[in-house]
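Take a look at the letters that make up each chain.
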Amino acid sequence: MSDVMTNSENKTENQMWGGRFAGGPASVMEDINASIDVDRRLWREDITGSKAHADMLASTGIISDEDNAAIQKGLDAIAGEIERGEFPFSKALEDIHMNIEARLKELVGEPAGRLHTARSRNDQVATDFRLWVRQSCADAAASLRALCRALASKAAANADAVMPGFTHLQTAQPVTFGHHLLAYVEMFARDAARFDDAAQRMNECPLGAAALAGTSFPIDREQTAKALGFDRPCANSLDAVSSRDFAMEAMAAASITATHLSRLGEELVIWTSAQFDFVKLSDAFSTGSSIMPQKRNPDAAELVRAKAGRIIASMNALMIVMKGLPMAYAKDMQEDKAATFECFEALGLGLVAMTGMIEDLSVNRGAMKSAAGDGFSTATDLADWLVRKLNMPFRDAHHVTGAIVAQADNTGVMLHELSLADMQQVEPRITDDVFSVLSVDASIASRTSFGGTAPENVKREAEKWLKHLGS
Ligand code: ARG
């Protein structure tokens, strides 16, 4: 082995596992093996987990109360050092677990060496990581509910603001802006519930599974599970140390959320364009152009849309890492954290940015309303009138309406601008009463079916959500 490959500072064996080694690792070995730059973010969870483990070792008589007291004190001191930015993180010590344990040894001496009794880094990291992901699910659910509140209060204020509803991004039928926003409330509320479910399902404690087979020490896994807020210990030691479906499930929930955020981001981009001009983002959520002084760009909405790519890619990355692994632990699993951290960082940013954009959004009711009348958007109302008043089968009414729309299109007028005589040329039985259904206001007011866009429905639903979500 050449000198270039060997880390000269590190020729001695690793102090945690080097008993059977005569030489140190090649420097590239250290580079590929060390995860401290990523997993140092787990320091709180690692200390919490170690404190619970040491307490349990003492209460089962596996270590003495004196040793436990020294360990507890040392771990608290380390938490202080890390919080103050004074902790000497070392790459040679690979990961957060060995960094903390090595420092504990420096601080308290021999008792530190007893902390790892009946434990392995495999159950240790699985526990730390579950704690982190569980908290991230709770944070995501809380942020989603804050976003739902912002959307529901905008919806309440715009329960009767008419806008075009689209299919294929072609004007379809008038809806209200409040109704449109409440559709996202439904999506994001389901997303929050998915995070709740994932957190609930992952709430079993791996600690005490040891390396893979359990331990011969008389440990109390119920005690550590309870101390760490888990419902129960994981029932199978192999599963406990080598499953990462909890992270995949959390990232699946994040990916679905990201697709919803991205769709709303896309709509904001469309709505803020000069061609639509439906809404205006606040200065706080717009950016200018360095060359075109008139520009107000919706960068935050675009970036929320783009984050979906990274979030989904993170879920993908972990699934691909895991899919070929024989049981139990394999070092591949160390790559779980970078993906998961990136996923939740992007998600958290996206959720907060979207909430801010929605809260600050101003609505151009005039532009929305005039667009709502374009594209013969009340044609379905005309067809429905023919069914109701002339007892026509809907298929026939559809055909008649199509002919009337063609006539309006050819003469360049909107449906309600046609004369009664024009319409009677197509269907002589049409009466003056038809004009009562051709305006966009009449159209939305008539959509009173459950889940429909009538302003009274929208107002009631928005209030229901606001009450349900609390403050
Ligand atoms: N840093 C490792 C990880 O994140 C900790 C577990 C190491 N276990 C082992 N047997 N080498 O996966």
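Note that the structure is predicted; figures quoted are calculated from it, not measured.

Caption draft 1: Highlighting a nonpolar patch on the surface. The grouping of Leu 212, Leu 238 and Met 327 at the surface amounts to a nonpolar patch, some 280 Å² of accessible area in total. Its place among the elements puts Leu 212 in the loop between strand S3 (204-205) and helix H9 (221-227).

Caption draft 2: Just the packing of aromatic side chains, in detail. The tally for this structure, following the rule as stated, stands at nine aromatic pairs. Ring centres of Tyr 184 and Phe 188 lie 6.1 Å apart, and the angle between their planes is 25 degrees; on these two criteria the pair is classed as stacked. Separated by four residues within a single helix, Tyr 184 and Phe 188 lie in helix H8 (residues 177-201), roughly one turn from each other. The exposure class of Tyr 184 is buried, given its relative accessible area of 3%. Given a relative accessible area of 0%, Phe 188 falls into the buried group. An aromatic cluster of at least three residues, connected via ring pairs, comprises Trp 132, Phe 195, Phe 341 and Phe 344. Over the aromatic face of Phe 21 sits the side chain of Arg 20, whose NZ or CZ is 5.9 Å from the ring centroid.

Caption draft 3: Expanded view of the site of the ligand. Ser 35, Asp 39, Asp 95, His 97, Arg 121, Asn 122, Val 125, Tyr 329, Gln 334 and Lys 337 make up every residue found near the ligand. One of the side-chain nitrogen or oxygen atoms of Asn 122 is found 2.9 Å away from a nitrogen atom of the ligand. Separating an oxygen atom of the ligand from a side-chain N or O atom of Lys 337 is a distance of 2.7 Å. When isolated, the ligand has an accessible area of 340 Å², and the protein chains bury 86% of it. Residues of the shell around the ligand, tallied by class, amount to two nonpolar, four polar and four charged.

Quick notes on the rules
- Residues numbered from 1 in each chain as written.
- Predicted model: local features only at pLDDT ≥ 70, side-chain atom pairs only at ≥ 80, totals over all residues.
- Heavy atoms only, no water.
- Patch = residues over 30% accessible without salt bridge, like charges linked within 9 Å, V, L, I, M, F, W, Y side chains within 5 Å.
- Areas by Shrake-Rupley, 256 points an atom, 1.4 Å probe, with all protein chains shown as cover.
- Salt bridge = Lys/Arg side-chain N within 4 Å of Asp/Glu carboxyl O.
- Helix = DSSP H or I, 4+ residues; strand = E, 2+ residues; numbered from the N terminus.
- Phe/Tyr/Trp six-rings, centres within 6.5 Å; stacked < 30°, edge-to-face > 60°.
- Buried < 20%, exposed > 50% of the residue type's maximum accessible area, 1.4 Å probe, protein only.
- Lys NZ or Arg CZ within 6 Å of the ring centre and 35° of its normal.
- Near = heavy atom within 4 Å.
- Polar contact = N/O pair within 3.5 Å; in protein donor to acceptor, adjacent residues only side chain to side chain.
- Nonpolar A, V, L, I, M, F, W, Y, C, P; charged D, E, K, R; others polar.

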